[in-house]
Amino acid sequence: MENNEHIYAIFGASGDLTKRKLVPAIYSLFIQNLLPSKYALLGLSRTKFNDEQFREKMKEAINKYQESDDLSKVDEFISHIYYLPFDSEHPDEYKILKEKLKTLRDEKEINGNTIYYLSTPPELYSIIPKNLAKAGLNNEKDGWKRIVIEKPFGTDLESAIKLRDELLEDWQEEQIFRIDHYLGKETVQNLLVTRFSNGIFEPLWNRNYIHHIEITSAESIGVEKRGGYYETSGALKDMVQNHLLHIVGMAAMEPPSSLDANSIRNEVLKVFQSLRPIKKENVKNCTIRGQYLASNIKGEHIPGYREEEDVDKNSETETYAAIKFYIDNWRWGGVPFYIRTGKRLPTRVTEVVIHFKSTPHFLFANNDITDESNLLVIRIQPDEGILMKIGMKTPGNGYEVKNVNMDFHYSDLNGVRIPSAYERLINDTIKGDPTLFARSEEVLEAWKFLQPVIEAWKNDEVPLFGYPAGTWGPEHADDLIEGKHLTWRYPCKNLSNDGIYCEL
Ligand code: BG6
């Protein structure tokens, strides 16, 4: 078994991600005895903390953000935390880092295994790895070295290729762990288990029985304090290029030959490679973009996107994106996929909805069976579980058919805790298991697929619709779904918003 002792160095350690997600997740691993006995956590960022001050900050963060109630070992945990004030843009500082790592290793008798987690703005993704390499900190003679970065991996195809090339100048692909935190979600992984461990689903999981697939990832929050970042991103790059396409990959892939990282990732890559390219002139027919407008929800004024902090008053950035597309392969030929995501929608929900074809001839009159039957809903969050909607006979005379639910909620499994995505992914970086991380080919394929959309939206070839905060996005998105009376499971219309959608 691989020796997992290590130092976990976090760049950008005074930032939000470190305190909200990373350190609480590492603490969670600690209380489950999933950390090796020899380890240290080193925080690096510009702020001038000493070890004690940083430990106190992390203690507060754990108390506030850790999901489990077990806080009994916080003091023991933080005694493994160290801090170095650090300017990552200065190559000279890396000599100091090298010294610090050496001192820590000697003191704690840890070998050279090191993880560098870049919880930093993406502009530093090429600078830090380059500087680490110049200082010899990528050298694996004394133990493995891994880099962890989180999306966005570039902002379009060209910049993503550049980033890949820069990273690969000094690092091997196997050393780079690209986090897409959706892949760390239990329920995204459960897609594989649902599909490949149940003989009842797999025979139906194809163009012969499935009419279309719908994936929604809705958020009720707005951009919060992240207006500055979001202005450079928008829903397409923030959610679709990575999280949503990875869910598509898991829902549509062929069975892998085994559960090893390459087998699974090869199958996801094949799905991405089979995405039917969207022609430039077609973008306006198969995509919808929107931006939330101010509204009143239960008496509370909800600001529009353009009123948010650090957002341009005339911003054209989309906070909602919906796309229809096809996967051109034997399994999915002709089956439309619809994906959508948005901020300030009515609720937080991420789900995959498999719409099965209806029976060839419907025998029963007087029924309320609509497009809502014949569905399998895989709820990714927040109420994790799986729901099947089927038609059943109403007791009594005749054959009245009703839609009923067969519904499984993870929360019904008493005593089962769903670990956070970061917990799973950080543990995998320590174990060196790349299965749930994006490979560079996948990232590039996803950008390649979306490039025509990025360009058409940038050139204003597709209208940007306003939608009132708290609604299901621009009502035009309802018509994206092909077929009479068909629409999203949660449609935009019938919300008595007539007339308030406008082109911005
Ligand atoms: C992040 C996006 O990657 O995912 C955010 O940058 C978004 O804008 C978040 O809010 C959603 O993640 P989750 O796990 O809350 O669905």
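What you see is a predicted model; the values in this text were computed from it and never measured.

Let's shift gears to the overall build of the chain. Along the backbone of the chain there are 13 helices and 18 strands. Whereas a compact globule of 504 residues would reach a radius of gyration of roughly 23 Å, the chain reaches 24 Å, a difference of no more than 12%. Its C-alpha atoms give the chain principal-axis dimensions of about 80 × 50 × 45 Å. Each of the 504 residues in the chain was classed as buried or not, and the buried ones make up 54%. Looking at the chain alone, contacts between residues at least 24 apart form 77% of all its contacts between residues at least 6 apart. Roughly 22800 Å² of accessible area belongs to the chain as shown, and the carbon and sulfur atoms make up 51% of that amount. Taken as two groups, the 62 positive and 77 negative side-chain charges of the chain have centres that lie 1 Å from each other.

As a structural note, the neighbourhood of the ligand is formed by K151, H181, Y182, K185, E219, R226, D238, M239, H243, K343, R348 and Q381. In this structure, H243 approaches the ligand through a side-chain N or O atom, which is 2.7 Å from an oxygen atom. Relative to its unbound accessible surface of 400 Å², the ligand loses 82% to contact with the protein. Grouping the amino acids of the shell around the ligand by side-chain chemistry returns two nonpolar, three polar and seven charged.

Along the chain, H80 turns up in the loop between α3 (74-78) and β3 (81-85). Engagement of the side chain of H80 in a polar contact is seen with the side chain of K108, the distance being 3.5 Å. The contact partners of H80, leaving out residues within four places of it in the chain, are F30, Y39, A40, L41 and K108.

Formed by 144 residues in total, the largest nonpolar core has its most connected members in F11, L42, F77, L97, Y116 and L132. If one sorts the elements of this core by residue count, helix α9 (residues 234-252) sits on top with eleven residues.

Contact geometry of α9 with helix α10 (residues 261-273) gives a least axis separation of 9 Å together with a crossing angle of 110°. Overall, the two elements α9 and α10 adopt an arrangement that is roughly perpendicular. Within the contact between the two elements, α9 uses L245, H246, V248, G249 and A252 and α10 uses V268, V271 and F272. Split by residue class, the contact of α9 with α10 holds six nonpolar, two polar and no charged.

Along the chain, E267 turns up in helix α10. A residue is classified by how much of its surface remains accessible, and E267, at 11% relative accessible area, is buried. The spatial distance from the C-alpha of E267 to the C-alpha of K19 is 35 Å, given a sequence separation of 248 residues. Setting aside chain neighbours within four positions, we find E267 in contact with M253, E254, P255 and P256. A distance of 3.2 Å separates polar atoms of two side chains, one belonging to E267 and the other to K270.

On to the sheet that holds strand β4 (residues 114-118). Taken together, six strands build an open sheet; the order of strands is β3-β2-β1-β4-β5-β6 and the sheet is parallel. A strand with exactly one partner marks an edge of an open sheet, and here the two such strands are β3 and β6 (176-179). Across the sheet, the mean angle separating the axes of adjacent strands is 20° when strand polarity is ignored. Both strand β1 (residues 6-11) and β4 contribute to a ladder of five bridges, which runs parallel. Residue pairing in the sheet places A9 in a bridge with Y116 of β4. Seen against the sheet, helix α4 (residues 93-108) touches β1, β2 (39-45), β3, β4 and β5 (145-150) and runs at an angle of roughly 160° to β3. Packing of helix α12 (residues 421-431) onto the sheet brings it into contact with β1, β4, β5 and β6, and relative to β5 it is tilted by some 155°.

With that settled, consider helix α7 (residues 186-196). The buried fraction of α7 amounts to eight of the eleven residues, a majority that puts the element mostly inside the structure. All of the buried residues in α7 are T187, V188, Q189, N190, L191, L192, T194 and R195. The inward-facing, buried residues of α7 abut α9, α10, β13 (349-356), β14 (375-381), β15 (385-393) and α12.

Attention now goes to the packing of aromatic side chains. Scanning all chains against the criterion turns up 24 aromatic pairs. Between the aromatic rings of F54 and Y83, the centroid separation amounts to 4.7 Å while the plane-to-plane angle is 35°, which identifies the pairing as tilted. A residue pair is termed long-range when its members are at least 10 positions apart, and F54 in helix α2 (residues 51-65) and Y83 in strand β3 qualify at 29 residues. What makes Y83 buried here is its relative accessible area of 3%. Look at F325 and F337: their rings are 5.7 Å apart centre to centre, the planes differ by 15°, and that puts the pair in the stacked class.

We now examine the environment of H361. In this fold, H361 is placed in the loop between β13 and β14. In sequence terms H361 and R178 are 183 residues apart; their C-alpha atoms lie 48 Å from each other.

About the criteria used
Within any chain, residue numbers begin from 1 and follow the written order of that chain's sequence. Two thresholds apply to this predicted model, a pLDDT of at least 70 for residue-level local features and 80 or more for giving and counting side-chain atom pairs, whereas whole-chain, interface and lining totals are computed over all residues. Hydrogen atoms and water are omitted, and side-chain values are computed over all heavy atoms in the structure. Per the convention used, a helix needs a DSSP run of H or I reaching at least four residues, while a strand needs a run of E reaching at least two, with both numbered from the N terminus. C-alpha atoms define the radius of gyration in this analysis, and the globule rule sets the expected value at 2.2 Å times the number of residues to the power 0.38. Relative accessibility under 20% of the residue-type maximum defines a buried residue, over 50% an exposed one, and the middle range a partly exposed one, all with a 1.4 Å probe and only protein chains included. The criterion used for residue contact is that any of the two residues' heavy atoms lie within 4.5 Å. Only the protein chains shown count as cover for residues, with accessible areas throughout obtained via the Shrake-Rupley method and a probe of 1.4 Å. Neither His nor the chain ends contribute to the count of charged residues, in which Lys and Arg are positive and Asp and Glu negative. Taken as the charge location is NZ of Lys, CZ of Arg, CG of Asp or CD of Glu. One heavy atom within 4 Å of a molecule or strand makes the whole residue count as near it. Here a polar contact is recorded for every N or O atom pair within 3.5 Å, except that within protein the pair must consist of a potential hydrogen donor and a potential acceptor, and residues adjacent in sequence are included only if both atoms are side-chain atoms. Any residue outside Ala, Val, Leu, Ile, Met, Phe, Trp, Tyr, Cys, Pro, Asp, Glu, Lys and Arg is labelled polar, Gly included; the first ten of those are nonpolar and the last four are charged. The definition of a nonpolar core used throughout is a set of buried Ala, Val, Leu, Ile, Met, Phe, Trp, Tyr and Cys residues joined through side-chain atoms within 4.5 Å. Only the stretch in contact is used when fitting a helix axis, every axis being a line fitted to C-alpha atoms; angles between N-to-C directions are given from 0 to 180 degrees. Here the word oblique covers every angle except those under 35 degrees (roughly parallel), over 145 (roughly antiparallel) and from 65 to 115 (roughly perpendicular). Strand pairing is assigned whenever DSSP identifies at least 2 bridges connecting the two strands. Aromatic pairing here means that ring centres of Phe, Tyr or Trp (its six-membered ring) are within 6.5 Å. Orientation follows from the plane angle: under 30 degrees is stacked, over 60 is edge-to-face, and everything else is tilted.

Just distances and angles here, no functional claims.
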